[in-house]
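Listed below are the residues making up each chain.
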Amino acid sequence: MLTITPALLLAASAFLRAQANPVASFNSDGQKFVKISVPPFPTDTSLKVIPDSAHPFVAPGPNDKRGPCPGLNTLANHGYLPHNGVASFEQLIEGVEEGYNMEHDLASALSALAILGRGNAYINLVSIGGVAEQVPPLPGKIDGPTAGGLAKHGRFEGDVSQTRHDIGEGDYQNFQDDLYDQFLTYVGRYGGDSAVTGNATVVTLPVLQEYKYHRFLSEQASDPNLQFSIARMIISYDEAAFVLNFFPNGTDNIIDTTILGSFFRNQTFPYNWHRRGEPGNFTFIQDAAAEILGAHPLVPGTNKNGVWTPDAPLNTGNTFTDVHFNIMQSLSSSLNDVTGDLKTNVETLLAALAKPFGVDPTKVRPSGTPGQ
C-alpha cells in the first residue's frame, strides 16, 4: 500500500512542474533552459513539527554549499532544499514555506532576488553558498564571470550581519563564534526568563533592538568601508525580525538560547520544534523590523575614508518603494537587454520581487553595474 508522505508530495509537485515546463532549448554556451514558474500557494499552513521523519539531519559534505543564512543552511541540512545547496526558484519557495511557514509572496520575492542577484535565471539555479560548478554565469557572462552564489558580498549578503564580519574586516561568509558570543551576552542582559532554560535565556524584542544597534556601532567604528544603504539596512533588520518570528517554537512562540544555538551554531532544527502556526508575510516582517529599528533609528549611509556619510534620500514615495528602487540599483542593468527564453524568466522573477512592494516591475528596472 502506498503511503502518502510530505516528501512524496513534494517530489510529485516537482515532477508535474517539469512536465508542464519542459526544457525549451540549449543556448550557445551549452546551458539548458529551464522555464521558471511561480508555484501554487501551499494547502497546509498549520502548526506542525519540523522536521518530519522524511527530513533527518545530514551534515554537509565537503562539496555541499552552505552560506551566510542559517535558515537556508538548516533547510539544506534536512533536505527541505537540495542537500548540495544548489536550488531552483521553486525549491527555495517551497522550502521556506514548508520549513518556516513563510507566506507565499514574501517567499517568492526573496527567492526571486536570490536567482536574479546571485544565480542563473536561464537555468533557474542558485547556490546558497559560494560559487558552484552547477551554476555557471548567465549566457554571455552578461553579469560577470561567475554567478557568485548568495555568499558573494552585495545584493543579497551585506554588512552589519548578526554573526558574520563585514567584508572589509575578515570572514563575511561563515558563522563567527566571537559575534555569536556577543549575541549571547545581549540575551543575558536583555533577555527573558524560562522555567526550562533558566533566567535571561529567552531572545526578546529588546535583545534584538540592542544587539543590532551594537553591531551597527561596532562596524561604523571599525569598518572604514561600511556600506549601509537603505536596502541593506532594511534587509539587515529584516534578518533580525526573521530570528524573532520564524525561529521560535510555534507551540509557545519562544526562542531560547538552546533554539538559537541549534539554528546558528549547529544549523539543524531543534528537538520537538514546530514551525509557526500561521504564515509570516511581508507586512508582518516589515512591522517587526521597524519595531527593532525604532529603538535606535538609523540613517542609511556609507563610511567614506572612515567618515560616516548619509545617503541622499531616494524619495520614491515611501520606505518600501525606496527599498525596492535601491535593490534595482544593485541588480545588473544587462537584465533589461535579454531576449527570448531568458527574458521570460527574468520578467517572471522581477514581477515576483516587486509584488510585495506594490511596485510596477515594468517601470522600475534593474540599473546596477554588471558583475558587481
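Look a little higher up for the structure.
First, a word on what this report is: a plain description of the structure on this page. (Residues numbered from 1 in each chain as written. Predicted model: local features only at pLDDT ≥ 70, side-chain atom pairs only at ≥ 80, totals over all residues. Heavy atoms only, no water.)

It is worth spelling out the overall build of the protein chain at this point. In terms of helices and strands, the protein chain carries eleven helices and seven strands. Its C-alpha radius of gyration of 20 Å places the protein chain within 12% of the 21 Å reference for a compact globule of 372 residues. Out of the 372 residues belonging to the protein chain, those deemed buried represent 51%. By sequence separation, contacts in the protein chain at least 24 residues apart represent 68% of the contacts at least 6 residues apart. For the protein chain, the exposed area adds up to about 15,900 Å²; of that, 56% sits on carbon and sulfur atoms. Separation between the mean location of the 23 positive side-chain charges and that of the 37 negative ones in the protein chain comes to 6 Å. (Helix = DSSP H or I, 4+ residues; strand = E, 2+ residues; numbered from the N terminus. Rg over C-alpha atoms; globule rule 2.2 N^0.38 Å. Buried < 20%, exposed > 50% of the residue type's maximum accessible area, 1.4 Å probe, protein only. Contact = heavy atoms within 4.5 Å. Areas by Shrake-Rupley, 256 points an atom, 1.4 Å probe, with all protein chains shown as cover. Lys, Arg positive; Asp, Glu negative; His and termini not counted. Charge placed at Lys NZ, Arg CZ, Asp CG, Glu CD.)

Time to look at the environment of glycine 340. Mapped onto the elements, glycine 340 comes out in helix H11 (residues 340-354). Expressed as a C-alpha distance, the spacing of glycine 340 and asparagine 124, which sit 216 residues apart in the sequence, is 15 Å.

Moving on to the sheet that holds strand S5 (residues 227-228). Reading across from one edge, S5-S6-S7 is the order of the three strands in this open sheet, with antiparallel pairing throughout. A single partner strand is all that each edge strand has here, and the edge strands are S5 and strand S7 (307-310). Summarising the sheet, strand S6 (residues 301-304) and S7 pair through four bridges and their orientation is antiparallel. When the sheet's bridge partners are listed, glycine 301 is paired in S7 with proline 310. (Pairing = 2+ DSSP bridges.)

Looking now at the packing of helix H6 (residues 205-222) against helix H7 (residues 230-246). With their axes 10 Å apart at the nearest point, H6 and H7 run at an angle of 150° to one another. As far as their axial angle goes, H7 and H6 are roughly antiparallel. Here H6 runs over H7; the crossing is right-handed. Contacts from Leu205, Leu208, Lys212 and Tyr213 in H6 reach Ser236, Tyr237, Ala240 and Leu244 in H7. Of the residues in the contact of H6 with H7, the class split is six nonpolar, one polar and one charged. (Axes fitted to C-alpha atoms, helices over the stretch in contact; angles between N-to-C directions. Parallel < 35°, antiparallel > 145°, perpendicular 65-115°, else oblique. Left-handed = near helix turned anticlockwise from the far one by under 90°. Nonpolar A, V, L, I, M, F, W, Y, C, P; charged D, E, K, R; others polar.)

Moving on, we get to the packing of helix H10 (residues 319-330) against H11. Contact pair H10 / H11: the axes reach a minimum separation of 11 Å and the direction vectors enclose 150°. As summarised for this structure, H10 and H11 are arranged roughly antiparallel, according to the angle between their axes. Here His324, Ile327 and Met328 of H10 come into contact with H11, specifically with Leu350, Leu353 and Ala354. Among the residues forming the contact of H10 with H11, the class breakdown is five nonpolar, one polar and no charged.

Attention now goes to the environment of leucine 47. Tracing the chain through its elements places leucine 47 in the loop between helix H1 (6-20) and helix H2 (70-77). According to the relative accessible area criterion, leucine 47 is partly exposed, its value standing at 39%. Not counting residues within four places of it along the chain, the set of residues in contact with leucine 47 comprises Gly250, Thr251, His274, Arg275, Arg276 and Gly277.

Another aspect to go through is the pattern of salt bridges. Where charged atoms from two side chains of opposite charge come close, those side chains can pair. Counted according to the given criterion, the structure contains 13 salt bridges. For lysine 48, the salt bridge goes to aspartate 44, with nearest N and O atoms at 3.5 Å. Overall, the relative accessible area of 21% leaves lysine 48 in the partly exposed class. The salt bridge partner of arginine 265 is aspartate 177, with a shortest N-O separation of 3.0 Å. Here the residue arginine 265 occupies a position in helix H8 (residues 257-266), and aspartate 177 occupies one in helix H5 (residues 177-190), the gap between them amounting to 88 residues. In this structure arginine 265 comes out as partly exposed when scored by relative accessible area, which is 38%. (Salt bridge = Lys/Arg side-chain N within 4 Å of Asp/Glu carboxyl O.)

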